[in-house]
Amino acid sequence: MGRLNITLCGIELDNPVIPASGTFGFGYEFAQWYDINCLGTFSFKGTTKDPRFGNPTPRIAECPAGMINAVGLQNPGVEKVIAEELPKLKEVFRKPVMANVSGFSVEDYAYTCEKLDREEQVGWLEVNISCPNVHGGGMSFGTDPKAAAEVTAAVKKVTTKPVIMKLSPNVTDITAIAKACEDAGADGVSLINTLQGMRIDLKTRKPVIKNVMGGVSGPAVFPVALRMVYQVCRAVKIPVIGMGGVSSAEDVLEMMMAGATAVEVGAANLTDPCACRKIIEDLPAAMDKYRINNLDELKGDR
Amino acid sequence: MKQQILTITENTPVTATVYRMRLEGADLEEQKPGGFVNIRLEGLFLRRPISVYDSAPGSLTILYKVVGKGTEQMAGMKAGETLDVLTGLGNGYDLSKAGDEPLLLGGGVGVPPLYLLAKQLTVAGRKVHAVLGFNTAEEVFGEEAFKALGCEVTVTTADGSCGVKGFVTDALPESYSYFYTCGPEPMLRAVYRAANTSGQFSFEERMGCGFGACMGCSCRTITGYKRICREGPVLEKEEILGWDD
């Protein structure tokens, strides 16, 4: 194993860097900027049972050291993802990919996960029970331990691949949700999804985002994310993927010192299309600086 | 699409709020008319998408209006400073449909993306008529530049302080082969209703990435969902959904 290798739910990765869902499409947009096979893997655009346009625009707002989005799970639906997006993804990425799934009912989640589980290139299922931008869906499953467990169990029942539950930070105690997922059979958890926030345009006196509220991401949320990753790593035994504002090799190391097995990078991909490649390139020097021989040894910190 | 560090060689005001910035870089390719660049600025998270005004191999010029923190910062920059820029973004205008006498309709900071288009159309021997609309005389820019290309130019101002009083749609010529337009949405809608030929519209939207990754700038069209940054910013008249009221 190389210095950067890690194992995530039984699958070996060349490095722990994983572009987060919603910031990386189905990969091919980024393949025009760099060879994305340097990534550990990536989590593709959140996929639902039916096609979705998403929310009205504006969907994006700037905030200090970050951004707010309310895209609302725009995607072509699972049938088209399998028929059209995955073949294109395969042309540019030859490693196992993480399939990100959202839903509006327990049955939705199970239906979409079952379909994607059968796809050869899918290595893991990341189940988003934390989208803050869709009314009546997504996040409501991630804010109640019982509902989170129900989704987890339903997905586990119809799938064969590792199931990673993506958690919402918009809760009082994220460890209770993480434990409920673990008890229901989850193979891992990933956190955090975006934090709910908003901006008002001083000139128009109206919210910048048409949907009024959105999810905050970027470096601004990193300390909050790190704290939650740290707490969850001490509450569950399954692997934890840390994310939230990660923008540098040092951030990756910090997340792993908090206990994360792997690290997702989100908003940074949008401001610098080559962000993940640069983070991977910077990791060895950062590890030298902090006397880390290989990333695997950081597991001891959990 | 390329990410490059470009050097500012000029940054001067052309009106009280509109600046012209020229950027140079050894690897910079000629940009498409109607395309845009996305500029990273110190202390701001999201890049700022700005349309291309003029371009040649090795250089590009943008005309931008100071409207917020990003453009304020740009206005304070000096020749010699550098910027991290994503270039070659957007689909740009399709020149093949112009016909012999294309009409260009620009409103305010919708004027700049039409300049490189006018340049290429006039070089191709087309008789170009440009109608440039502004609110008031102090805001007018671009008239001489378009004239120097050989375009027939009509200026309109909403308050009548310069040129024809009214909007660009109050100064449409009797005949033209095709149209290209960029400006605020109410103007685009008025052009949509008033024009008697087919044409192309350039749109503006708040963007996350500018290169098709985040789905922040999606819109519905007759031919499906499109990303303003990728399948746009230029849409054809026949693609526009919901403006037939």
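Keep in mind it's a predicted model, so treat the numbers as computed, not measured. (Residues numbered from 1 in each chain as written. Chains lettered and ligands numbered in written order. Predicted model: local features only at pLDDT ≥ 70, side-chain atom pairs only at ≥ 80, totals over all residues.)

Chemist: How should I be thinking about the sheet that holds strand 8 (residues 102–107) of chain B in this particular structure?
Modeler: Working definition: the strands of a sheet are paired by backbone hydrogen bonds and lie parallel or antiparallel to each other. Residue and element names in this part refer to chain B. Here we have 7 strands laid out as an open sheet, ordered 11-10-9-8-12-13-16, and mixed in their pairing. Each having just a single partner strand, strand 11 (164–165) and strand 16 (234–236) make up the two edges of the open sheet. Relative to strand 9 (residues 129–134), strand 8 runs parallel, the two sharing 5 bridges. Paired with Gly-107 across the two strands is Gly-133, which belongs to strand 9. On top of the sheet, helix 2 (residues 112–123) reaches strand 8, strand 9, strand 12 (178–182) and strand 13 (199–202); it is set at about 165° to strand 8, its chief contact. (Pairing = 2+ DSSP bridges. Helix = DSSP H or I, 4+ residues; strand = E, 2+ residues; numbered from the N terminus. Contact = placed C-beta atoms within 7 Å. Axes fitted to C-alpha atoms, helices over the stretch in contact; angles between N-to-C directions.)

Chemist: It is not clear to me how the packing of helix 5 (residues 145–158) of chain A against helix 6 (residues 174–183) of chain A should be interpreted in this structure. Could you clarify?
Modeler: Helix-helix packing is described using two parameters, namely the angle between the two axes and the distance between the axes. Residue and element names in this part refer to chain A. Running from amino to carboxyl end, helix 5 crosses helix 6 at an angle of 30°, the nearest separation of the two axes being 8 Å. Looking at the two axes, helix 5 sits roughly parallel to helix 6. At the point where helix 5 passes helix 6, the crossing takes the right-handed sense. Packed against helix 5, whose contacting residues are Pro-145, Ala-148, Ala-149 and Thr-152, the element helix 6 presents Ala-176, Ile-177, Ala-180, Cys-181 and Asp-183 at the interface. (Parallel < 35°, antiparallel > 145°, perpendicular 65-115°, else oblique. Left-handed = near helix turned anticlockwise from the far one by under 90°.)

Chemist: Sorry if this is basic, but what is going on with the domain arrangement of chain B here?
Modeler: As a measure of interface size, the accessible area lost when the parts come together is often cited. Residue and element names in this part refer to chain B. According to the domain assignment, chain B contains domain 1 (2–89) and domain 2 (95–202). Put simply, the middle of domain 1 and the middle of domain 2, counted by C-alpha atoms, are 23 Å apart. Of the residues lining the interface, 13 residues belong to domain 1; the matching set on domain 2 comes to 11 residues. Within the residue set of the side of domain 1 that touches domain 2, elements represented by two or more residues are strand 5 (54–56) and strand 6 (59–65). (Domains from an automatic or database assignment.)

Chemist: Is there a simple way to explain the pairing of strand 2 (residues 18–24) of chain B in this structure?
Modeler: Two faces, one strand: in a regular strand the side chains alternate between the faces of the sheet. Residue and element names in this part refer to chain B. The sheet contact formed by strand 1 (residues 2–13) and strand 2 spans 6 bridges and is antiparallel. Opposite Asn-11, over in strand 2, you have Met-21 as the bridge partner. Linkage of strand 1 to strand 2, two consecutive antiparallel strands, is achieved through a turn of 4 residues. Bridging between strand 2 and strand 6 involves 7 bridges; their strand directions are antiparallel. What sits directly across from Tyr-19, in strand 6, is Tyr-64.

Chemist: Could you clarify how one ought to interpret the interface of chain A and chain B in this entry?
Modeler: Between chain A and chain B, the contact holds 26 residues from the first and 23 residues from the second. Elements that contribute at least two residues to the side of chain A that touches chain B include exactly helix 1 (28–31), strand 4 (60–63), strand 5 (66–69) and helix 9 (268–271) of chain A. Residues belonging to the side of chain A that touches chain B are distributed by class as follows: 12 nonpolar, 11 polar and 3 charged. (Nonpolar A, V, L, I, M, F, W, Y, C, P; charged D, E, K, R; others polar.)

Chemist: How should the packing of helix 6 of chain A against helix 7 (residues 222–233) of chain A be read in this particular structure?
Modeler: Residues and elements named next belong to chain A. Following both chains from N to C, one finds helix 6 and helix 7 inclined at 45°, their axes separated by 9 Å at the closest point. Accordingly, the angle class assigned to the pair helix 6 and helix 7 is oblique. Like other packed secondary-structure pairs, helix 6 and helix 7 cross with a definite hand, here right-handed. Across the interface between the two elements, Ile-174, Thr-175 and Ala-178 from helix 6 touch Met-228, Gln-231 and Val-232 from helix 7.

Chemist: Sorry, what's going on with the sheet that holds strand 2 of chain B here?
Modeler: Residues and elements named next belong to chain B. Sheet architecture is open: 7 strands sit in the order 4-3-7-1-2-6-5, paired in antiparallel fashion. Among the strands making up the open sheet, the edge pair consists of strand 4 (48–51) and strand 5. Sheet twist, expressed as the mean angle between neighbouring strand axes with direction ignored, is 35°. Judged from the 3 bridges that link them, strand 5 and strand 6 form a sheet pairing that is antiparallel. When the sheet's bridge partners are listed, Asp-54 is paired in strand 6 with Thr-61.

Chemist: It is not clear to me how helix 2 of chain B should be interpreted in this structure. Could you clarify?
Modeler: For an α-helix, the turn length of 3.6 residues means that residues three or four places apart are oriented alike. Residue and element names in this part refer to chain B. With 12 residues, helix 2 extends 18 Å from end C-alpha to end C-alpha; this agrees with the ideal 16 Å at 1.5 Å per step. Judged by how many residues are buried, helix 2 sits mostly within the fold: 9 of 12 residues are covered. The complete set of buried residues in helix 2 reads Pro-112, Pro-113, Leu-114, Tyr-115, Leu-116, Leu-117, Ala-118, Lys-119 and Leu-121. Residue Gly-125 follows helix 2 closely and has a positive phi angle near 85°. (Expected span 1.5 Å × (residues − 1). Buried ≥ 20, exposed ≤ 12 C-beta atoms within 10 Å, placed from the backbone.)

Chemist: I'm lost on the pairing of strand 8 (residues 163–166) of chain A in this one. Help?
Modeler: Residue and element names in this part refer to chain A. Neither face of strand 8 is left uncovered, since the one carrying Val-163 and Met-165 and the one carrying Ile-164 and Lys-166 both have all their residues buried. Inspection of the sheet shows strand 8 paired to strand 9 (residues 188–191) by 3 bridges, in the parallel sense. Bridge assignment links Ile-164 to a residue of strand 9, and that residue is Gly-188. As a crossover connection, the stretch from strand 8 through helix 6 into strand 9 is right-handed. (Right-handed = clockwise from strand over helix to strand, strands pointing away.)

Chemist: Whenever I open this one, unusual backbone geometry confuses me. Can you help?
Modeler: Trans peptide bonds make up most of the peptide bonds, and negative phi angles are found at most residues other than glycine. The omega torsion of the bond from Thr-57 of chain A to Pro-58 of chain A falls at 0°, within 30 degrees of zero and hence cis. Cis geometry marks the peptide bond from Leu-191 of chain A to Ile-192 of chain A; its omega dihedral reads 10°. Of note, the phi angle at Cys-9 of chain A is positive, near 50°, even though the residue is not glycine. When you line up the elements, Cys-9 of chain A lands in the loop between strand 1 (6–8) and strand 2 (11–13). Using a count of 18 C-beta atoms within 10 Å as the deciding quantity, one classes Cys-9 of chain A as partly exposed. Here Met-215 of chain B, not a glycine, exhibits a phi torsion of approximately 65°, which is positive.

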